[in-house]
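# Remarks on the overall topology
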Amino acid sequence: MQIQWYPGHMHKAQKEVKEILPQVDLIIEVLDARIPYSSENPMIARLRGDKPTLKIFNKSDLADPAIIEKWQAYFENSEYIQTLTLNAKQADRKHQIFDLINKMIPRDDSSVKVLHALIMGIPNVGKSTLINTLSERPIAKTGNEPAVTKMLQRIKLEEGITLFDTPGMLWANIENVHSGYRLAITGGIKETAFELPDVASYAAEYLMNYYPERIKERYGISVATIQDLLQNNPSSDVALLEIIGKGRGCLVGGGRIDLDKASRIFISEIRDGALGALTFEHPDMMESEQIQVEELRAMKAAKKLAKEEKKKNRKRNKR
Ligand code: G4P
């Protein structure tokens, strides 16, 4: 799946971030705890250098705690990175964050008077909700459609911290095809940028492999049936969506299943947490996915080169 969703203001935001980064003491990256890797912005990963970075695993109420722990260990391998799991229902979020920031950048020697922190995160990750909690006033608009904030803002917090708030920045072309799907499943990409049944099929396949018990609990489909579908049906993902659709009365003429409707129900139930806390990627998947990305890059580069060669030859032959 190729996702091309890159509103103009996001390009501007990337430029602004590059300019502001030298003034920043700390980067606060708000990640979706269900997809800590795919919700990272690769541009920041490249530009960050040795800047202290606090990665907040937000929406942790919707994510699998055992996998979150693995991701925390994965990121904290770097001496510059600290992580914190968080969700909007926690009452003491503000203090947890400030305590950790003060540990990361102690200010008792007054070398840093006002701490400048850049806060960023992909659309819909819960960044505005978090900023409002930190500032204890409704500064940032919250909402369920990605990309509400458009301008870089400066927000002074009482605790001697100035936050630079960036618009939700998503990169131009998601090279890792799996990341594209995961972002679509969890609501980080506008629905107009992808085909819902395609995304629902990806989610179905993943959940059948990693969380068959949850499918059983939610839709009453036995684990044995799921195993059977996986082993004997090459379109097991679609078959599962059809069973779910049938159970929910998503029918069109001739008794056929309305796959669009079934997909919408399935994805919205995943997002709402109706299937329990889920995580859609594990640290040990990353190596092979990175290899896939490199191979794809190499293929694209080879194609481009071949095209250029062809063009040159055509020109030569004309002479
Ligand atoms: P953004 O600025 O990163 O784009 O995200 P925003 O804060 O607007 O949050 C997007 C949606 O995610 C909001 O729901 C918000 O309530 C929800 N959200 C934020 N933090 C958490 C969390 O820790 N757990 C869960 N489960 N949800 C969270 P909404 O229904 O789209 O809008 P609203 O009516 O709640 O404002």
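Please read these numbers as outputs of a predicted model, since none were measured by experiment.

In terms of regular secondary structure, the protein is built from 12 helices and 6 strands. Across the 319 residues of the protein, 49% fall into the buried class. For the protein, the accessible area works out to roughly 16400 Å², and carbon and sulfur atoms hold 50% of it.

For the rest of this paragraph, the subject is the pairing of strand β2 (residues 53-58). When you tally the buried positions in β2, you get 6 out of 6 residues, the bulk of the element. Residues Thr-53, Lys-55 and Phe-57 of β2 are buried on one face, and the alternating residues Leu-54, Ile-56 and Asn-58, pointing to the opposite face, are buried as well. Here 6 bridges tie strand β1 (residues 26-32) to β2, and the two strands are oriented parallel to one another. In the strand pairing of β2, Asp-32 is matched with Asn-58. Assessed by its sense of winding, the connection that carries the chain from β1 through helix α2 (residues 42-47) to β2 is right-handed. Where β2 lies against strand β3 (residues 81-85), 5 bridges are found, and the strand directions are parallel. Within β3, the position partnered with Phe-57 by the bridge is Thr-85. In the classification by handedness, the crossover that spans β2, the intervening helix α3 (residues 65-75) and the parallel β3 is right-handed.

Below, the discussion takes up the packing of aromatic side chains. For the coordinates displayed, the defined rule picks out 10 aromatic pairs. Aromatic pair Phe-57 and Phe-75: ring centres 6.1 Å apart, planes at 80°, arrangement edge-to-face. Placement of the pair is Phe-57 in strand β2 and Phe-75 in helix α3, with a sequence separation of 18 residues. What links up through ring pairs into an aromatic cluster is the set Tyr-37, Phe-57, Trp-71, Tyr-74 and Phe-75. Of note, Lys-55 hangs over the ring of Phe-75, and the distance from its end group to the ring centre comes to 4.5 Å.

Further remarks concern the side chain of Ser-179. With respect to the helices and strands, Ser-179 occurs in helix α6 (residues 177-186). Taking the relative accessible area as the measure of exposure, Ser-179 reaches 5% and is therefore buried. Sequence-distant contacts of Ser-179, that is, excluding residues within four places in its chain, are made with Tyr-37, Ser-38 and Ile-174.

Before going further, it helps to spend a moment on the nonpolar core. Of all hydrophobic cores here, the largest spans 71 residues; its most connected members are Leu-207, Phe-266 and Ile-270. In this structure, this core is formed jointly by two domains, domain 1 (9-165) and domain 2 (195-272), each of which donates at least three residues. When near neighbours in sequence (up to four residues on either side) are disregarded, Ile-270 contacts Ile-185, Ala-203, Leu-207, Leu-275, Leu-278 and Phe-280. With 10 residues, the next largest nonpolar core counts Leu-21, Val-24, Ile-27 and Ile-44 among its residues.

Of all 7 residues in β1, 7 are buried, a share of seventy percent or more. Alternating positions in β1 separate into two faces, Leu-26, Ile-28, Val-30 and Asp-32 on one and Ile-27, Glu-29 and Leu-31 on the other, with burial throughout. Of the pairings in the sheet, the one linking β1 to strand β4 (residues 115-121) comprises 5 bridges and is parallel in character. The residue bridging Ile-27 from the neighbouring strand is Leu-118, located in β4.

A few words now on empty space enclosed by the protein. One pass over the full model with this rule turns up 2 cavities of 30 Å³ or more. Within this model, the largest cavity holds a volume of roughly 40 Å³. In terms of lining, the largest cavity is formed by Lys-94, Leu-134, Ser-135, Glu-136, Arg-137, Leu-157, Glu-158 and Glu-159. Its residues assigned to classes, the lining of the largest cavity comprises 2 nonpolar, 1 polar and 5 charged. A volume near 30 Å³ is recorded for the second largest cavity. As for the second largest cavity, its lining consists of 10 residues, and the residues nearest its centre are Glu-29, Ser-39, Asn-41, Gly-121 and Ile-122. Counting only elements with at least two residues in the lining of the second largest cavity, the list comes to β1 and β4.

What counts and how
Residues numbered from 1 in each chain as written. Predicted model: local features only at pLDDT ≥ 70, side-chain atom pairs only at ≥ 80, totals over all residues. Heavy atoms only, no water. Helix = DSSP H or I, 4+ residues; strand = E, 2+ residues; numbered from the N terminus. Buried < 20%, exposed > 50% of the residue type's maximum accessible area, 1.4 Å probe, protein only. Areas by Shrake-Rupley, 256 points an atom, 1.4 Å probe, with all protein chains shown as cover. Pairing = 2+ DSSP bridges. Right-handed = clockwise from strand over helix to strand, strands pointing away. Phe/Tyr/Trp six-rings, centres within 6.5 Å; stacked < 30°, edge-to-face > 60°. Lys NZ or Arg CZ within 6 Å of the ring centre and 35° of its normal. Contact = heavy atoms within 4.5 Å. Core = buried A, V, L, I, M, F, W, Y, C linked by side-chain atoms within 4.5 Å. Domains from an automatic or database assignment. 1 Å grid on protein atoms, 1.4 Å probe; cavity = no way out; pocket = protein on both sides within 12 Å on 5 of 7 lines; lining within 4 Å. Points joined across faces, edges and corners; volume = space filled by probe spheres on them. Nonpolar A, V, L, I, M, F, W, Y, C, P; charged D, E, K, R; others polar.

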